[in-house]
Amino acid sequence: VNDGTGLAAPRWYEMRRTQPADWTLYQQGTFAPGDGLYRWMGSIAMDASGDIALGYSVSNSSTYPSVFYNTRAPGDPLGTLGTEAQLVAGNGVINTGYSRWGDYSAMQVDPTDDCTFWYTQEYTGGGSWMPRTSTFARPVIQIFRFPTVPRRPSPGRSLISDAGLRSRRATCAASRTAAASGCFE
């Protein structure tokens, strides 16, 4: 959306279901910190703990198109995001002759642990679009040029059981404080 000064800014919404067919708006926000940067091509996801991650492209006349993200915890004030962080800095202009930007931006939560965010976005590098896949569990982040594949749950452990979900949440919480390598089991 227009942030009110002519810059693009990501607008986000969280809907909650109170009854099987009733959806209500729980919170909404526009991330526009007023720093003169355009933010566009966003994608958002929520993990099992209610952490939200929003990824997007960023640029202006002095910043090459780069990849940024922002997060919020369930206890943060409604409608707000935290401090944004850069995943990868763009390092050039695109000279392809096309007057458009990229084809994709995807933020997903890993179904094997329900707390690791995977984000794919484009940035500029060497005169062309460059893809980047990153993975992180709030609040730590690890960047990979190519995605790694997390281990699957052990045999007999269901991804949909309450006990398994509680176990994965505990593993995520421990990993967030103990290691900077993400939230893998």
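The paragraphs below set out a description of the structure included in this document. These figures come from a predicted structure and were not determined experimentally.

This brings us to the overall build of the protein. When its secondary structure is counted, the protein shows 1 helix and 10 strands. Surface summary for the protein: the accessible area is close to 9900 Å², and the carbon and sulfur share equals 54%.

Here we come to the sheet that holds strand β3 (residues 38-46). Pairing is antiparallel in the open sheet, where 4 strands are placed in the order β3-β4-β5-β6. Strand pairing shows two members of the sheet lacking a second neighbour, β3 and β6 (85-88), which therefore form its edges. The average angle at which neighbouring strand axes cross in this sheet is 30°, direction not considered.

With that settled, the discussion passes to the side chain of threonine 133. Mapped onto the secondary structure, threonine 133 falls in strand β9 (residues 128-137). Residue classification places threonine 133 among the buried positions, given a relative accessible area of 15%. A polar contact is formed between the side chain of threonine 133 and the side chain of threonine 120, at a distance of 3.4 Å.

Time to look at the packing of aromatic side chains. Within the structure shown, the criterion is met by 1 aromatic pair. Considering the side-chain rings of phenylalanine 31 and tyrosine 56, the 6.3 Å spacing of their centres and the 40° angle between planes classify their relative orientation as tilted. Linking phenylalanine 31 in the loop between β2 (22-30) and β3 with tyrosine 56 in strand β4 (residues 52-60), this pair joins segments that are 25 residues apart in sequence. For phenylalanine 31, a relative accessible area of 12% gives the class buried.

Turning next to unusual backbone geometry. Positive phi, normally seen in glycine, also occurs at methionine 41, with a value near 60°. In this structure, aspartate 114 takes a positive phi of about 60° despite not being glycine. Along the chain, aspartate 114 turns up in the loop between β7 (106-109) and β8 (117-125). Of the residues examined, aspartate 114 reaches a relative accessible area of 26% and is grouped as partly exposed.

Another point: the environment of alanine 106. Mapped onto the elements of the fold, alanine 106 is located in strand β7. It is 6.8 Å that separates the C-alpha atoms of alanine 106 and glutamine 121, two residues lying 15 residues apart in sequence. The residues contacting alanine 106, other than those within four sequence positions of it, are Ser43, Trp118, Tyr119 and Thr120.

This brings us to the environment of glycine 6. Looking at where glycine 6 falls in the secondary structure, it is placed in the segment before β1 (11-19). By relative accessible area, which is 44% here, glycine 6 ends up partly exposed. For the pair formed by glycine 6 and tyrosine 38, sequence separation is 32 residues and the distance between their alpha carbons is 9.0 Å.

We now examine a nonpolar patch on the surface. Together, Tyr13, Met15, Trp23 and Leu25 make up a nonpolar patch on the protein surface, roughly 440 Å² of accessible area in all. For the nonpolar patch, the secondary-structure elements that each account for two or more residues are β1 and β2. Locating tyrosine 13 in the fold gives a position in strand β1.

Below, the discussion takes up the pattern of salt bridges. Under the definition given, this model contains 3 salt bridges. Ionic pairing is found between glutamate 14 and arginine 16, a salt bridge with its closest N-O pair at 2.9 Å. For arginine 39, the salt bridge goes to glutamate 84, with nearest N and O atoms at 2.7 Å. Highlighted residues: arginine 39 in strand β3 and glutamate 84 in the loop between β5 (63-72) and β6, separated in sequence by 45 residues.

What counts and how
Residues numbered from 1 in each chain as written. Predicted model: local features only at pLDDT ≥ 70, side-chain atom pairs only at ≥ 80, totals over all residues. Heavy atoms only, no water. Helix = DSSP H or I, 4+ residues; strand = E, 2+ residues; numbered from the N terminus. Areas by Shrake-Rupley, 256 points an atom, 1.4 Å probe, with all protein chains shown as cover. Pairing = 2+ DSSP bridges. Axes fitted to C-alpha atoms, helices over the stretch in contact; angles between N-to-C directions. Buried < 20%, exposed > 50% of the residue type's maximum accessible area, 1.4 Å probe, protein only. Polar contact = N/O pair within 3.5 Å; in protein donor to acceptor, adjacent residues only side chain to side chain. Phe/Tyr/Trp six-rings, centres within 6.5 Å; stacked < 30°, edge-to-face > 60°. Contact = heavy atoms within 4.5 Å. Patch = residues over 30% accessible without salt bridge, like charges linked within 9 Å, V, L, I, M, F, W, Y side chains within 5 Å. Salt bridge = Lys/Arg side-chain N within 4 Å of Asp/Glu carboxyl O.

Just distances and angles here, no functional claims.
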